Amino acid sequence: MTADTITAADIRINARWLIPVEPFGIVLEHQAVILQGCRIADVLSQSEADLKYRTRETVNLDRHVVLPGLINLHGHTAMSLFRGLADDLPLMTWLNDHIWPAEGKFVSEPFVLDGTRLAMAEMLRTGTTTFSDMYFFPEVTAQVAHDAGMRAQVCFPLMDMPTVWGSGPDEYLRKGAALIEQWQGDDYIMPAIGPHAPYTVSDQPLKDAVNLAEKTGAAIQLHLHETAFEVDEAVKASGKRPVTRMAELGVLGRNTQCVHMTQIDDSDMEQLAHSGAHIVHCPESNLKLASGLCPVQKLMDHGINVTIGTDGAASNNDLDLFGELKTAAMVAKVVAGDASALSAHRALEMATLNGARALGREQELGSLVAGKLADLIAVDLSDPFLQPVYDPASHLVYSNHGRAVSHSWIHGVPQLQDGRLTRIDVPDLMLRVGEWRQQILS
Ligand SMILES: [Zn+2]
């Protein structure tokens, strides 16, 4: 090769191990990832990269595994400020007696601003590069995520009852339409529609949500079949399971993300598969609130796309997606009665490419392939709790600790360098979080 075949690029990342997610199930060694602007220009062996590229900057990660950034597809980010406020309670008691009253009292624009920052700091530290949010003041969340350079699907809340963000469905839909108009087409922010759940939203606002989704292309995300109680009450009141009601209203489709789905019978399975809707599995929230367990392997066997989310920090109580993956893999095996259910590589795919599919962005996100956007992370495997290394994929799912994440880039921009956040002022954030704690306590 001669000098004129050498290409200039921005960043070269030398990885001891690389899990590209596409092709599925492989671990490569001594690879280089070349970044040019916001995209991945190439993924190739380090010896080939020596001949082919000259880069402005080289990052040597010789004890690390590099993989796509994780996608946390469900959460209520600002609820981080309620972490540990009310535990050991069933869902409806937790919501009615603790969370909803606290939200009525404290949730405001500054609360959402600080709570979102706190959540983003935790997510970036533990390998998440894209998150989904469903909470009040989504215009604040969108701006804060955009300013920090984090990718986010921001779902505006929709429900029958008045809240701090609006008087009812008409106002939520009006404000939500403005949010979609403001952010549609943005590189980082994906505005979306967040009907809270079948039991909190009546038919007309759900139909209006479907119309808005069809008109704008925005996704719909809703909590669905979170508990047996939800399904039983709906059947008692209307004779219909919530999935059937959602299907009849047109809510289920390729652009819809159903969160939880712990209760699934054969008819639900058929309607979900037929609709092309995506499932967001939140195992730790389901375990903590004793909601039930989603049959992940069975859904996947039916060709349904299953993704993962942490849910809010108040019902988890952390946003470490690697921890969530471990729980998901363990729970999937028990639920399926099969130790081969949800393998380590399937779990990693669930937290990356499957998330990108649910967002409709699998051409751009979710795997390390030339031409895709440069959202990637590195995990340092040199700590005693990750030694020795036989299979990095196994370690990431079964032995990892999100805090071993050392580096991340989003849109080609460094977000985490040797464990340090580059764009969030953590000491300042901790002062504000301390002030919120004082206020909420008193
Ligand atoms: Zn939730």
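Up top is the structure.
Just so it is clear, the model here is predicted, and its values are computed rather than measured. Residue numbers here run from 1 along each chain, matching the order of that chain's written sequence. The predicted origin of the model limits local features to residues at a pLDDT of at least 70 and limits the giving and counting of side-chain atom pairs to 80 or more, whereas totals for whole chains, interfaces and linings rest on all residues. Excluding hydrogens and water, the side-chain values take into account all heavy atoms of the structure.

**Focus on the overall build of the chain**
Stated formally: Strands here mean DSSP runs of E at least two residues long; helices mean DSSP runs of H or I at least four residues long; both are numbered from the N terminus. What the globule rule says is 2.2 Å times the number of residues to the power 0.38, and the radius of gyration is computed from C-alpha atoms. Note on exposure labels: buried denotes an accessible area under 20% of the residue type's maximum, exposed denotes more than 50%, and partly exposed covers the range between, all computed with a 1.4 Å probe on protein chains only. Contacts are assigned to residue pairs that have any heavy atoms within 4.5 Å of one another. Working definition of accessibility: Shrake-Rupley area with a 1.4 Å probe, residue cover restricted to the visible protein chains. Positive charges are assigned to Lys and Arg, negative charges to Asp and Glu, while His and the chain termini are left out of the count. Lysine's charge is taken at NZ, arginine's at CZ, aspartate's at CG and glutamate's at CD.
Secondary structure summary: the chain contains 16 helices and 16 strands in total. Its C-alpha atoms give the chain a radius of gyration of 21 Å, near enough to 22 Å, the size a compact globule of 442 residues would have. Based on the C-alpha atoms only, the size of the chain along its principal axes is roughly 75 × 45 × 45 Å. Each of the 442 residues in the chain was classed as buried or not, and the buried ones make up 59%. Counted over contacts in the chain with a minimum sequence separation of 6, partners at least 24 positions apart contribute 72%. By element, 51% of the accessible surface of the chain is carried by carbon and sulfur atoms, the whole surface being about 17100 Å². The averaged location of the 55 negative side-chain charges in the chain is 2 Å from the averaged location of its 34 positive side-chain charges.

**Points about the packing of aromatic side chains**
For clarity, the cut-off: Ring pairs are drawn from Phe, Tyr and Trp, using the six-membered ring of Trp, whenever the two centres fall within 6.5 Å, and their geometry is named by plane angle: stacked under 30 degrees, edge-to-face over 60, tilted for the rest. We call a charge positioned above a ring when the Lys NZ or Arg CZ atom is no farther than 6 Å from the ring centre and deviates by at most 35 degrees from the ring normal.
The full count for this structure, using the stated rule, is five aromatic pairs. When the centroid spacing of 6.5 Å and the interplanar angle of 40 degrees are considered together, the rings of F156 and W165 count as tilted. In this structure W165 comes out as buried when scored by relative accessible area, which is 2%. For the pair W165 and Y172, a centre-to-centre distance of 5.9 Å together with 5 degrees between the ring planes defines the contact as stacked. By the burial criterion, W165 is buried, and Y172 matches it. Among the aromatic side chains, those forming a connected cluster through ring pairs are F82, F111 and W436. Positioned above the aromatic ring of W17 is the side chain of R16, whose terminal nitrogen or guanidinium carbon lies 4.3 Å from the ring centre. Directly above the ring of F24 sits R346, whose terminal nitrogen or CZ lies 3.9 Å from the centroid.

**A short note on helix α15 (residues 392–399)**
Among all positions of α15, only P392, A393, H395, L396 and V397 are buried. Contacts from the buried residues of α15 go to β1 (7–18), β4 (53–68), α12 (321–336), α13 (344–350) and β13 (376–380).

**Concerning the environment of D265**
What counts here: Each polar contact in these results corresponds to two N or O atoms within 3.5 Å; when the atoms are within protein, one needs to be able to donate a hydrogen and the other to accept it, and residues that are neighboring in sequence are counted only if both atoms are side-chain atoms.
Residue placement: D265 occurs in the loop between β10 (256–260) and α9 (266–275). Residue D265 is classed as partly exposed on the basis of its relative accessible area, which comes to 29%. Along the primary structure D265 and S167 are separated by 98 residues, whereas in three dimensions their C-alpha atoms are 36 Å apart. A distance of 2.9 Å separates the side chain of D265 from the side chain of S267, its partner in a polar contact.

**What to know about empty space enclosed by the protein**
The condition that has to hold: Both site types are read off a 1 Å grid over the protein atoms alone. A 1.4 Å probe that fits but cannot get out defines a cavity, while an open set with protein on both sides within 12 Å along at least five of seven lines defines a pocket; lining residues have an atom within 4 Å of a point. Grid points are joined across faces, edges and corners, and a volume is the space filled by probe spheres set on the points.
Inspection of the entire model under this criterion finds three cavities of 30 Å³ or more. Approximately 290 Å³ is the volume attributed to the largest cavity. Every residue lining the largest cavity is counted, 23 residues in all, and those nearest its centre are H76, M79, L95, H196 and H223. For the lining of the largest cavity, the element with the highest residue contribution is helix α2 (residues 91–106), accounting for six residues.

**Some thoughts on the nonpolar core**
To be explicit about the condition: Buried residues of nine kinds, namely Ala, Val, Leu, Ile, Met, Phe, Trp, Tyr and Cys, make up a nonpolar core once their side-chain atoms join them within 4.5 Å.
In this structure, F82, F111 and F322 are the most contacted members of the largest nonpolar core, which totals 113 residues. When residues no more than four places from it in sequence are discounted, the contact partners of F82 are A102, E103, F106, V107, F111, Y135, A314 and I440. One finds I13, A15, L368 and L376 within the second-largest nonpolar core, a separate group that totals 15 residues.

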